[in-house]
Amino acid sequence: MKKSSILIAGGGSTYTHGIILMLLDNLHRFPVDEIKLYDNDGPRQEVVAKACEIILRERSSGIRFSYTTDAETAFTGVDFVMAHIRQGKLPMREKDEKIPMKYGCVGQETCGAGGIAYGMRSITGVLEIVDYMTQYSPNAWMLNYSNPAAIVAEATHRLRPDARIYHICDMPISIEEAMARILDYRSAADLETRYYGLNHFGWWSSVRDKATGEDLMPRLAAHVRQFGYADEQGEGKEEISWNETFVKARDSFALDPSSFPNTYLQYYLYGDDMVAHTSPDYSRANEVMAGRERFVFSECQKIIDEGTAVNTQLTIDEHASYIVDLAQAIAFNTKRRMLLIVPNNGAISNFDDDAMVEVPCLVGSFGVEPLTIGAIPAFQRGLLYQQYSVEKLVVDAWIEKSYQKLWQALTLSKTIPSARVAKQILDDLIEANQEYWTVE
Ligand code: NAD
Ligand code: G6P
Ligand code: MN
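Residues numbered from 1 in each chain as written. Chains lettered and ligands numbered in written order. Predicted model: local features only at pLDDT ≥ 70, side-chain atom pairs only at ≥ 80, totals over all residues. Heavy atoms only, no water.

The name that an unreviewed UniProt entry assigns to the chain is Maltose-6'-phosphate glucosidase, with the source organism given as Biostraticola tofi. Within the UniProt record for the chain, the comment given under Sequence similarities (unreviewed entry) is "Belongs to the glycosyl hydrolase 4 family." (UniProt positions renumbered as here; feature names shortened; annotations may be inferred.)

Set out below in structure tokens:
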């Protein structure tokens, strides 16, 4: 089997070590002979990199390892670029969340006004990575999970239509694992599902037993109606805020009991509840900085100080194995069925061809083949069209540096009540994002 050279872009991410451990666990199906890290923040990346270097040495994997902030060194000679950058890092996420909350609107990483501001930053960073890859390793594939994936996908589709890039999200996988637990299946791999929508904005229209084809929707519906995606004790996720999200799926499900909602729909369907429930002084970014980020960086520092990872609490990010599934499908033409964010081109028959939709695809070495979804109901179609138009307007605004288009995008977002409020939020976002983007 051919061995691949992997570049992780955003090497200083809180997810880097988990992905490296997961790659190590999957070498039998996806052999790797080199892992490189690239980040534009050298000191931050170095902490993660030095710890990963020790982990790799102790596992005697034989994998070559290096890290750099130099694009040419990083992007030359690689087969896959796995990209998880966060332009502006968590302090900018905090602003994305808190500015809309100041005006009583949803403040979230990828949804509503926060997602729009993050999108404007992310387009710049992701295009830079795409261009480096195209310049230095033109045959490589970029697997992007940098957020907000919907806006980033729309931007790369329009601005780099020939780029070798796939966009993927772990939320549906995580929800399918919850569905499997609810239905007493070993894992999501035992289910066969149909899903459609935009990233962080979609629904399952079918959930079946993969072996027998049995329709599992009625049994699942009986549970989700009462408990959402949590179990009967109300537990679905370790962290409190994520657990609440899994329970809240019950309310989104109530709107259309014939399909199962992505958890992110709570921000659009129950924006008022979300606002009432989150503190404008302590947002999710604060939780992540005090939780995941602090934990990862202190564990990495401990590994460096002790010169060994034998006592580390860092663990494999098993649920990130979808990234290996995708890379393996491309490298070895497995034709695996996966949810990807791709141009619609008729997959949803009553939706725009050029919209970037999240649908099941068969993935091989020569591209992906999206499966046909057919016509979707009026409720979902209306919501999707509104959100898709927001995302298109953001990309227009980025290209044209247009205040007008960005104001329209915010006004159209279901999370913002009026053009007046949209303008107030926009003016604050412009001020906060000066270093990253401008509109006139
Ligand atoms: P983080 O801030 O810890 O790490 C991001 C890293 O990217 C930082 O080290 C930063 O310096 C680096 N970076 C920023 N801009 C860069 C650029 N232009 N070039 C190179 N490096 C750059 O963030 P995190 O919490 O680990 O999340 C990383 C990303 O992964 C985010 O976009 C997050 O939303 C995304 N994510 C997506 C999914 C999904 O479902 N698609 C799942 C998990 C995380
Ligand atoms: C889910 C989403 C991601 C998001 C992640 C982390 O997995 O699919 O897109 O980045 O959650 O969210 P958090 O709030 O924990 O940083
Ligand atoms: Mn996601």
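Asks: Just to check I follow, could you spell out the coordination of the manganese ion (ligand 3) for this structure?
Replies: Note on metal sites: the ideal angle is 109.5 degrees for four tetrahedral donors, and 90 or 180 degrees for six octahedral donors. Surrounding the manganese ion (ligand 3) are the protein donor atoms Cys169 (SG) and His200 (NE2), which sit 2.2 to 2.4 Å from the metal. With Cys169 in the loop between strand E6 (165-167) and helix H7 (171-182) and His200 in the loop between strand E7 (191-198) and strand E8 (201-209), this pair connects stretches of sequence that are 31 residues apart. Residue His200 is classed as buried on the basis of its relative accessible area, which comes to 5%. (Donors = N, O, S within 2.8 Å, 3.2 Å for Na, K, Ca; no water. Helix = DSSP H or I, 4+ residues; strand = E, 2+ residues; numbered from the N terminus. Buried < 20%, exposed > 50% of the residue type's maximum accessible area, 1.4 Å probe, protein only.)

Asks: Looking at this structure, I do not really get the pattern of salt bridges. What am I missing?
Replies: Pairs can form between side chains of opposite charge once their charged atoms are near each other. As enumerated under the stated definition, the model contains 26 salt bridges in all. With its nearest N and O atoms 3.8 Å apart, the salt bridge here joins Arg250 to Asp251. For Asp251, a relative accessible area of 22% corresponds to the partly exposed category. (Salt bridge = Lys/Arg side-chain N within 4 Å of Asp/Glu carboxyl O.)

Asks: Explain the site of ligand 1 here, please?
Replies: Neighbouring ligand 1 are 26 residues, the closest being Ser13, Thr14, Asp39, Arg44 and Tyr118. With respect to ligand 1, the side chain of Ser13 contributes an N or O atom lying 2.6 Å from an oxygen atom. The separation between a nitrogen atom of ligand 1 and a polar side-chain atom of Gln87 is 2.9 Å. Contact with the protein chains hides 97% of the accessible area of ligand 1, taken as 860 Å² for the molecule alone. Class assignment for the residues of the shell around ligand 1 results in 7 nonpolar, 10 polar and 9 charged. (Near = heavy atom within 4 Å. Polar contact = N/O pair within 3.5 Å; in protein donor to acceptor, adjacent residues only side chain to side chain. Areas by Shrake-Rupley, 256 points an atom, 1.4 Å probe, with all protein chains shown as cover. Nonpolar A, V, L, I, M, F, W, Y, C, P; charged D, E, K, R; others polar.)

Asks: Which parts of the structure should I look at to understand helix H8 (residues 217-227)?
Replies: For the α-helix, the turn length of 3.6 residues means that residues three or four positions removed from each other point alike. Buried within H8 we find Met217, Leu220, Ala221, His223 and Val224. In the core, the buried residues of H8 are packed alongside H7, E8, helix H9 (240-255) and strand E9 (260-261). Just downstream of H8 lies Gly228, where phi reads positive at about 60°. (Contact = heavy atoms within 4.5 Å.)

Asks: Can you walk me through the site of ligand 2 in this structure?
Replies: Not every one of the 13 residues close to ligand 2 is listed here, only the nearest: Arg93, Asn147, Asp170, Arg284 and Arg292. One of the side-chain nitrogen or oxygen atoms of His200 is found 3.1 Å away from an oxygen atom of ligand 2. No other element matches helix H12 (residues 284-306), which puts 3 residues into the shell around ligand 2. In the shell around ligand 2, the residues fall into 6 nonpolar, 2 polar and 5 charged.

Asks: When you look at the nonpolar core in this model, what are you seeing that I'm missing?
Replies: One recurring pattern in soluble globular proteins: nonpolar side chains tend to sit buried together. In terms of nonpolar packing, the biggest core is built from 96 residues, with Val207, Tyr229 and Phe260 touching the most fellow members. No other element matches helix H2 (residues 42-58), which puts 8 residues into this core. Filtering out sequence-adjacent residues up to four positions away, Phe260 remains in contact with Met179, Gly202, Trp203, Trp204, Val207, Met217, Leu220, Ala221, Val224, Tyr229 and Phe253. If you look at the next biggest cluster of nonpolar residues, it comprises 29 residues, including Ile123, Ala155, Val394 and Ile430. (Core = buried A, V, L, I, M, F, W, Y, C linked by side-chain atoms within 4.5 Å.)

Asks: Quick question: what am I supposed to make of the packing of aromatic side chains here?
Replies: The geometry of an aromatic ring pair is captured by two quantities: the separation of the ring centres and the angle between the planes. A full pass over the atoms with the stated rule returns 18 aromatic pairs. One aromatic cluster is present, formed by Tyr196, Phe201, Trp203 and Tyr268 through successive ring pairs. Lying across the ring of Tyr270, Lys248 places its NZ or CZ 4.4 Å from the centre. (Phe/Tyr/Trp six-rings, centres within 6.5 Å; stacked < 30°, edge-to-face > 60°. Lys NZ or Arg CZ within 6 Å of the ring centre and 35° of its normal.)

Asks: Can you help me understand the UniProt feature "site: Increases basicity of active site Tyr" (unreviewed entry) in the chain in this one?
Replies: The feature "site: Increases basicity of active site Tyr" (unreviewed entry), as given by UniProt, occupies Glu109 in the numbering adopted here. The topology assignment puts Glu109 in the loop between helix H4 (89-102) and helix H5 (112-136). For Glu109, a relative accessible area of 9% gives the class buried. Of the polar contacts made by the side chain of Glu109, one reaches the side chain of Arg86; its length is 2.9 Å.

Asks: Please explain the UniProt feature "active site" (unreviewed entry) in the chain as it appears in this structure.
Replies: Look at the UniProt record and you will see "active site" (unreviewed entry) annotated at Asp170 and Tyr264. On the basis of their most widely separated C-alpha atoms, the annotated residues across 95 residues gather in one place, lying no more than 12.3 Å apart. With respect to the secondary-structure elements, Asp170 resides in the loop between E6 and H7. Residues in contact with Asp170, not counting those within four places in the same chain, are His319 and Tyr322. Summarising the element assignment, Tyr264 is placed in the loop between E9 and helix H10 (266-269).

Asks: Sorry if this is basic, but what is going on with unusual backbone geometry here?
Replies: Note on backbone geometry: most residues besides glycine have negative phi, and most peptide bonds are trans. Of the consecutive residues Asn147 and Pro148, the connecting peptide bond is found in the cis state with omega at -15°. Within the secondary structure, Pro148 sits in the loop between strand E5 (141-144) and helix H6 (149-159). Within the chain, His200 stands out as a residue other than glycine whose phi angle is a positive 60°. Even without glycine at this site, Asn345 takes up a positive phi of about 40°. Judged by its relative accessible area of 58%, Asn345 falls in the exposed class.

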